[in-house]
Amino acid sequence: MMLMVQDLRVTFLLDGKTGLRAVDGVSFDLAPGTSLGIVGETGAGKTTIARALLGLHPSGCVQGSIRLDGRELVGLSEEAWRAIRWRRIALVPQSVGTALDPVYRVGDQIAEPLRYHLGLSPAEAWGRSLELARRVGLEPRHLRAYPHQLSGGEKQRALLAMALSCAPDVLVLDEPTSGQDMLSRARLLDLLDALRREGGMGLLVISHDLAAVARLTERVAVLYAGQLVEVGPTAEVFQDPRHPYTWGLLHAYSDMSAARDLRGIRGAPPDPANPPPGCRFHPRCTQAIDRCRREEPPLRDIGGRWIACHLGGLQTLLRAEGLRKTFSVDGGEPEERVEAVREATLDIREGEVVALVGETGSGKTTLGQMLVGLLPPDGGRVVLEGRELTAARGKERRAMMSRIQLIPQDPFDAVSPRLTVAEMVREPLDIQGIGTPEEREAKVRQALRTVGLPASPDFLARRAHELSGGQLQRVVLARALVLEPKLIVADEPVSMLDPSEQARVINLLKEIQTERGLALLLISHDLALVRKIADRILVMHRGQIVEEGPGNRIVTRPEHEHTRMLLEAAPRLG
Amino acid sequence: MGVGRRAFVYLLTFWVILTLNFLLPRLLPGDPLAALLDPSSSDYVYDPEVRAALAAYYGLDRPLPEQYGRYLLGALTGDLGRSIRLNRPVAELVVGRLPWTLLLVGTALLFSSALALLTGTESAWRRGSWADRGLVSASILLANVPVYFVGMMLLLLFGARLRWLPLAGGRTPFARYPSALAAALDIGRHLILPALTLTLAMLGAKFLLVRNATVNILGEDFMLVARAKGLPEGRLKWGHALRNALLPFVAHLAAHAGMAVTGAVFIETLFSYPGMGRLIFESVTARDYPVIQGAFLVVSAVVLTANFLADLISLRLDPRLREGGAVG
């Protein structure tokens, strides 16, 4: 093993007393000829790690162990570090615009380490830097220029040539693509990829540019608030993220293939001077349990993937296996029975938005009703948070059902026209017998505020027929929210509304879903609408789920004939 | 901006100064003669006829453009008028005094700059240490103590009490030197105290400037990269940090060239040093206006020249100032 980082901790003193732990117990290793990516949000500690690898932090800030070919680097003197820097571990810094000394020619700056580390004469060093320049695609005139005369892309290349000058064993690239326009970024990635293929060097790519990391690295480590939360092969991690943070990060990343609107991770990264107790991600995590608030989860190997999560990663919230439902036509012969749902199997994970798409009569509403427990299936089972809903009875069943709320297609189906708004929203609480009357009132008001409705006495006293379609749909949504469910199943929630109100309600649904961290199953015939918010799309046809995949894949590369038909039928303007 | 353009701008500035020098006495109440001759001095001419003759002698009866033409011609050929007090050409006085001031200011500039650059960089390198904090406090104190106070103390200690160095003058009066070396030694001995005073007077501000500029530069990304490159400390400190701190330092030198002359007025007076500063002081006391004007012109020319030189040095030091650049 060439570079081994064990339990690296970097602490900065803020005002002489308070310590800021920018990196807290990070471990990874890097073998010759391999590449590792470290991804994470701004402020996660990525650059701090890069600088620690070159010993650039003030002495005493860095604890833990950094070993290069077995030799401990932490605690080395400045003099000893000097021999390691650039010669063994080199850096392409993040700040391309200001990383070169403005008063020296670019070529001299590339040649500088050659002169001091390898003892080359000025002429030899210049000759070598010409070779290096060619290797990164620069011309001799670029070497004779001063930094301010180069473009950002050229400076980035010059910095790369500089980093390569002493043929280091480890090359650290700190945000290599930041600040580059798309074309120079593409050229730079080609160049770096070619370098990587030449082999020999260990490559550490530190970036929030997930696409760059995907292109350049074999393994990836996900950093959150100074700690690694997931480590694994890059392709696998990006294809199938297992830690809730990784999942959120990937969904926040915009790439050309995503048809869905961007979504952030709810909340904000913690203040590094004052991190939350327990798992640092728990305030933003949709599946956090009590233990997450108390105990820090260790990074452990779960089925070949290293994950720091008490629950072992992203949880499956609801699982349906082989659900069947057959309706017999009244008084008809057995041949006239309708198989509404045939062997439907699906998963909904924590905090995920899944769309179930199909034409009218495809069985999607029937499937939705079986999932929420309104309709008993003829076969198969529904498992909610690890417990079988279809087998539960009595009080347990009632409690489980309150975790899933259905928003029906027609809001008048959900509420009695005799009830006032206050009663409509409060009804589930009354049925479940939750809280005192005052607490219920408070919950009703809060739910109404969440869906953007007034909680005035006048409004609370209105009845269903006094509300607009959009208002009634929001009341139904508020009614679903008072029980604080984990999953909302919304069956054509906006089909009765005009387009502008549709957009508002869909965005509201998405917003509440993100903020509350709930999962959402959106049942709809409208592929154009659901692809805007769905992480995954299931396509249903004649009682069967015929295709399933990430939203962008379904929309851009549909595999099933029926999906293609749905796509073609989707509305287009112009 | 190219060198040629810069030179042109400086020539233009000098012409404006020349013109102001011509216009100001003529804009004052009364005539230039009243400005030339103080009514309270014994030289004041009461007889109107003599005054008219004098006006004719000085060409003041000619039209203004002609006066201006003669004035410019005179200034450019070295005719700065005559001293009323000493009745000698101003140019001759200036030529006799200027080298002494150049020697004094030049020496002080050289030593204060070298010291400021060395200590300022080292201090910035060890920022926050007790040595750095001590130096910063000392230089703030030094920058705020009046020049003449420092000079007086040095004079009392080394001149009066220890008697190591001469009390006044630029050289020993009536001395005959057997060799050039002996002359240089004598002039050098007389130079030490005034030059030391002026050096100290300039050192505080210069040190703070270099130190603060270097502290800023040490925080620059390219310094971190230079460190990451594993360069030796000397190369980082002098080759990168100081090299970049030179840019604001030279700009400061240019801006403060005039201040050096002001400082010299006090010091030359204190040490009875035969330079321009003392000439100005003596002329102001005696209201010898032609000398004041002439000295003002020459000092302006010297300051402008110093500025121009500083500009040229900046151009050499900072590639970003150069037009077009060296790509090709």
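Criteria and thresholds
Residues numbered from 1 in each chain as written. Chains lettered and ligands numbered in written order. Predicted model: local features only at pLDDT ≥ 70, side-chain atom pairs only at ≥ 80, totals over all residues. Helix = DSSP H or I, 4+ residues; strand = E, 2+ residues; numbered from the N terminus. Buried ≥ 20, exposed ≤ 12 C-beta atoms within 10 Å, placed from the backbone. Contact = placed C-beta atoms within 7 Å. Pairing = 2+ DSSP bridges. Axes fitted to C-alpha atoms, helices over the stretch in contact; angles between N-to-C directions. Parallel < 35°, antiparallel > 145°, perpendicular 65-115°, else oblique. Nonpolar A, V, L, I, M, F, W, Y, C, P; charged D, E, K, R; others polar. Expected span 1.5 Å × (residues − 1). Bend = angle between axes of the 7 residues up to and from the residue. Core = buried A, V, L, I, M, F, W, Y, C linked by C-beta atoms within 7 Å. Left-handed = near helix turned anticlockwise from the far one by under 90°. pLDDT = per-residue confidence, 0-100.

Chemist: Sorry if this is basic, but what is going on with the overall build of chain B here?
Modeler: Assigned secondary structure in chain B consists of 13 helices and 0 strands. Reading the helices (α) and strands (β) of chain B from amino to carboxyl end gives α-α-α-α-α-α-α-α-α-α-α-α-α. Each of the three principal axes of chain B carries a C-alpha extent, and together these read 85 × 60 × 40 Å. Each of the 328 residues in chain B was classed as buried or not, and the buried ones make up 30%. In chain B, the proportion of contacts linking residues at least 24 apart, taken out of those at least 6 apart, comes to 70%.

Chemist: Looking at this structure, how should I read the overall build of chain A?
Modeler: A count of helices and strands for chain A gives 22 helices and 22 strands. Counting all 574 residues of chain A, 47% fall into the buried class.

Chemist: Can you walk me through unusual backbone geometry in this structure?
Modeler: For residues besides glycine, phi is generally negative; the peptide bonds are generally trans as well. All names here are of chain A. One non-glycine residue with positive phi stands out, namely Ala-167, at about 50 degrees. For Ala-167, the position within the fold is in the loop between helix 6 (152-164) and strand 7 (170-174). You can call Ala-167 partly exposed: it has 14 C-beta atoms within 10 Å.

Chemist: Explain the pairing of strand 10 (residues 227-233) of chain A here, please?
Modeler: Regular strands show a simple pattern: their side chains alternate between the two faces of the sheet. Residues and elements named next belong to chain A. The element strand 10 is largely enclosed, with a buried count of 6 among its 7 residues. Across 6 bridges, the pairing between strand 9 (residues 219-224) and strand 10 is antiparallel. When the sheet's bridge partners are listed, Val-222 is paired in strand 10 with Glu-230. Turn length for the strand 9-strand 10 hairpin, with the two strands adjacent in sequence and antiparallel, is 2 residues, and the turn residue Ala-225 shows positive phi of about 50 degrees. In the sheet, strand 10 pairs with strand 12 (residues 305-307) via 2 bridges, with the strands oriented antiparallel. Bridge pairing in strand 12 places Glu-230 opposite Ile-307.

Chemist: Can you help me understand the sheet that holds strand 1 (residues 3-13) of chain A in this one?
Modeler: Strand pairing in a sheet relies on backbone hydrogen bonds, with the paired strands running either antiparallel or parallel. All names here are of chain A. Reading across from one edge, 2-1-4-5 is the order of the 4 strands in this open sheet, with antiparallel pairing throughout. The sheet is open, and its two borders are formed by strand 2 (19-30) and strand 5 (71-72), each paired with just one other strand. With 9 bridges joining them, strand 1 and strand 2 adopt antiparallel strand pairing. Bridge assignment links Leu-8 to a residue of strand 2, and that residue is Val-26. Where helix 1 (residues 46-53) meets the sheet, it contacts strand 1, strand 2 and strand 4 (62-68), and its direction lies at approximately 65 degrees from that of strand 2.

Chemist: Whenever I open this one, the packing of helix 10 (residues 233-255) of chain B against helix 13 (residues 289-317) of chain B confuses me. Can you help?
Modeler: Think of two packed helices as two axes; the pair is described by the angle between the axes and how far apart they sit. Residue and element names in this part refer to chain B. For the pair helix 10 and helix 13, interaxial distance at closest approach is 8 Å and the crossing angle is 170 degrees. As the angle between them shows, helix 10 and helix 13 are arranged roughly antiparallel. Contacts between helix 10 and helix 13 pair Leu-246, Leu-247, Val-250, Ala-251, Leu-253 and Ala-254 from the former with Ala-306, Asn-307, Ala-310, Asp-311, Ile-313, Ser-314 and Leu-317 from the latter. Per-class residue counts for the contact of helix 10 with helix 13 are 10 nonpolar, 2 polar and 1 charged.

Chemist: Mind showing me how you'd approach the sheet that holds strand 19 (residues 487-491) of chain A here?
Modeler: Residues and elements named next belong to chain A. Strand order in the open sheet formed by 6 strands is 18-19-20-15-21-22, with mixed pairing between adjacent strands. Taken across any chain shown, the strands that pair with only one partner, and hence form the sheet edges, are strand 18 (404-407) and strand 22 (544-550). Strand-to-strand twist in this sheet, taken as the mean axis angle between neighbours without regard to direction, amounts to 15 degrees. Contacting strand 15 (353-357), strand 21 (536-541) and strand 22, helix 22 (residues 561-569) runs over the sheet at an angle of about 105 degrees to strand 21.

Chemist: Would you mind showing me how to read the interface of chain A and chain B here?
Modeler: For interface size, the figure often reported is the accessible area lost on association. Residue-level contacts link 26 residues of chain A with 24 residues of chain B. Going through the elements one at a time, helix 2 (78-84), helix 3 (106-118) and helix 5 (140-144) of chain A are the ones with two or more residues in the side of chain A that touches chain B. The element best represented in the side of chain A that touches chain B is helix 3 of chain A, accounting for 4 residues. A class-by-class count of the residues in the side of chain A that touches chain B yields 14 nonpolar, 5 polar and 7 charged.

Chemist: I'm lost on helix 10 of chain B in this one. Help?
Modeler: All names here are of chain B. Counted at 1.5 Å a residue, the expected span for helix 10 with its 23 residues is 33 Å, and the 32 Å between its end C-alpha atoms agrees. At Leu-242, helix 10 shows its maximal bend, which comes to roughly 35 degrees. Every buried residue of helix 10 is listed here: His-240, Ala-241, Leu-242, Asn-244, Ala-245, Leu-246, Phe-249, Val-250 and Leu-253.

Chemist: Teacher, can you tell me more about the pairing of strand 22 of chain A here?
Modeler: Residue and element names in this part refer to chain A. Sheet analysis places strand 21 next to strand 22, joined by 6 bridges and oriented antiparallel. Residue pairing across strands places Ile-537 opposite Gly-549, the latter belonging to strand 22. The hairpin formed by strand 21 and strand 22 contains 2 residues between the paired strands, and Arg-542 there has a positive phi angle of roughly 50 degrees.

Chemist: Sorry, what's going on with the nonpolar core here?
Modeler: Side chains of nonpolar character tend, in soluble globular proteins, to be buried together. In this structure, Ala161(A), Val172(A), Leu204(A) and Val222(A) are the most contacted members of the largest nonpolar core, which totals 146 residues. Looking at this core element by element, the count peaks at 14 residues for helix 8 (residues 180-218) of chain B. Core analysis: the second largest hydrophobic core is formed by 74 residues, Ile523(A), Ile533(A), Ile537(A) and Leu538(A) among them.

Chemist: I keep staring at the environment of Ala255(B) and nothing clicks. Help me out?
Modeler: Residues and elements named next belong to chain B. Mapped onto the fold, Ala-255 is located in helix 10. The exposure class assigned to Ala-255 is exposed, which follows from the 11 C-beta atoms found within 10 Å. The spacing of Ala-255 and Leu-191 is 64 residues in sequence and 25 Å in space, taken between C-alpha atoms.

Chemist: Looking at this structure, I do not really get the packing of helix 15 (residues 421-432) of chain A against helix 18 (residues 469-481) of chain A. What am I missing?
Modeler: All names here are of chain A. Running from N to C, helix 15 and helix 18 cross one another at 30 degrees; their axes reach a closest spacing of 7 Å. For the element pair helix 15 / helix 18, the angle class is roughly parallel. Crossing hand, helix 15 versus helix 18: right-handed. Residues Val-421, Met-424, Val-425, Glu-427 and Pro-428 of helix 15 form the contact with helix 18, whose own contacting residues are Val-475, Ala-478 and Arg-479. Tallied by class, residues from the contact of helix 15 with helix 18 come to 6 nonpolar, no polar and 2 charged.

Chemist: Teacher, can you tell me more about the confidence of the model for chain B here?
Modeler: Atom-level detail of predicted coordinates should not be read off regions where pLDDT is low. Residue and element names in this part refer to chain B. On average, residues of chain B score 84 in pLDDT, and 91% of them reach the 70 mark or higher. Within chain B, no element has a lower average pLDDT than helix 2 (residues 32-36), which sits at 57, and none a higher one than helix 9 (residues 221-228), at 94. The low-confidence segment residues 324-328 (pLDDT under 50) makes 11 contacts with residues lying over four places distant or belonging to another chain. Scored by ipTM, the complex comes to 0.80, with pTM at 0.80.

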